[in-house]
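Understanding the architecture of this molecule
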Amino acid sequence: MEKNICLIGFMGSGKSMIACELGRRLGLEVVAADELIEAKEGRRILDIFKTKGEAYFRDLEQKVIEEISQRRGIIIDCGGGVVLRKENLANLKSNGIVFYLQAAPEVIYERVKHEGHRPLLKGPDPLGCIKELYNQRLPLYNQADFVIDANDASIEGPVAEIIKKYKG
Ligand code: S3P
């Protein structure tokens, strides 16, 4: 049975765009964990954070990751904080290859600065917040099977590299 392709990385690292292109080229279904969470709850992530808090969101995220990790031959587009619970990486790795899309905090900031849907970046100093979270999470992201450079504006490099590694 085919392995899953699991994409992890900070907000704005290009996971969704890369997942979509991989899906198109490989003919595989893309499953976005955040979309499933929103569908299950019937509201946006911003609202879930606001009304129920981050811990509640992380519980939902863990359940969704556990469920979708049991599938085969799909592309899993994970939320940026998926690495915060070690169970998630273990579940993703059980049937999949985990790719960390690495992009520098400054690159991420430029990509996300005009977007307003991410609860964790809504404070007065988003770049400072990105740097802090990035440094906290880096050792966790580095537990991926492969680290992919996603700093370039074009997704072609990361897409080609992931396909090469997946087809091994
Ligand atoms: C989060 C990233 C978001 C989303 C939620 C929390 C995080 O997903 O899951 O806002 O903790 O980094 P994206 O990485 O797709 O923006």
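Residues numbered from 1 in each chain as written. Predicted model: local features only at pLDDT ≥ 70, side-chain atom pairs only at ≥ 80, totals over all residues. Heavy atoms only, no water.

Details of the environment of Leu89
The residue Leu89 is located in helix α5 (residues 86-95) in this model. Given the relative accessible area of 7%, Leu89 is considered buried. Considering only alpha carbons, one finds Leu89 and Gln143, 54 residues apart in sequence, at a separation of 8.3 Å. Discounting residues that sit within four places of it in the chain, Leu89 has contacts with Ile8, Val83, Val98, Leu140 and Gln143. (Helix = DSSP H or I, 4+ residues; strand = E, 2+ residues; numbered from the N terminus. Buried < 20%, exposed > 50% of the residue type's maximum accessible area, 1.4 Å probe, protein only. Contact = heavy atoms within 4.5 Å.)

Observations concerning the packing of aromatic side chains
Counted by the stated rule, this structure contains four aromatic pairs. Ring geometry for Phe49 and Phe57: centres 4.9 Å apart, planes at 40 degrees, overall tilted. Neither Phe49 nor Phe57 differs from the other in exposure class; each is buried. Considering the side-chain rings of Phe99 and Phe146, the 5.5 Å spacing of their centres and the 20 degrees angle between planes classify their relative orientation as stacked. A residue pair is termed long-range when its members are at least 10 positions apart, and Phe99 in strand β4 (residues 96-102) and Phe146 in strand β5 (residues 146-149) qualify at 47 residues. Relative accessible area serves as the criterion here: at 0%, Phe99 is assigned to the buried category. Taking NZ or CZ as reference, Lys52 lies 4.8 Å from the ring centre of Tyr56, over its face. (Phe/Tyr/Trp six-rings, centres within 6.5 Å; stacked < 30°, edge-to-face > 60°. Lys NZ or Arg CZ within 6 Å of the ring centre and 35° of its normal.)

Quick word on the nonpolar core
Counting residues in hydrophobic clusters, the biggest one holds 33 residues, and the most contacted among them are Ile8, Phe10 and Leu92. The leading source of residues in this core is helix α4 (residues 54-69), at five residues. Excluding residues within four positions of it along the chain, Ile8 makes contact with Lys15, Cys78, Val82, Val83, Leu89, Leu92, Val98, Phe99, Tyr100, Leu101, Tyr141 and Ala144. Ranked by size, the runner-up nonpolar core spans 17 residues in total, among them Ile5, Ile18, Ile97 and Ile148. (Core = buried A, V, L, I, M, F, W, Y, C linked by side-chain atoms within 4.5 Å.)

Digging into the packing of helix α1 (residues 15-26) against helix α8 (residues 156-167)
At a minimum axis separation of 10 Å, α1 and α8 run at an interaxial angle of 55 degrees. The orientation of α1 with respect to α8, classified from their angle, is oblique. Crossing of α1 against α8: the hand is right-handed. Along the contact surface, α1 presents Ile18, Glu21, Leu22, Arg25 and Leu26, while α8 presents Glu156, Pro158, Val159, Ile162, Ile163, Tyr166 and Lys167. The class makeup of the residues in the contact of α1 with α8 is eight nonpolar, no polar and four charged. (Axes fitted to C-alpha atoms, helices over the stretch in contact; angles between N-to-C directions. Parallel < 35°, antiparallel > 145°, perpendicular 65-115°, else oblique. Left-handed = near helix turned anticlockwise from the far one by under 90°. Nonpolar A, V, L, I, M, F, W, Y, C, P; charged D, E, K, R; others polar.)

Describing the side chain of Glu38
For Glu38, the location among the structural elements is in helix α2 (residues 33-41). Setting aside anything within four residues of it in sequence, one finds Glu38 in contact with Arg43, Arg44 and Ile45.

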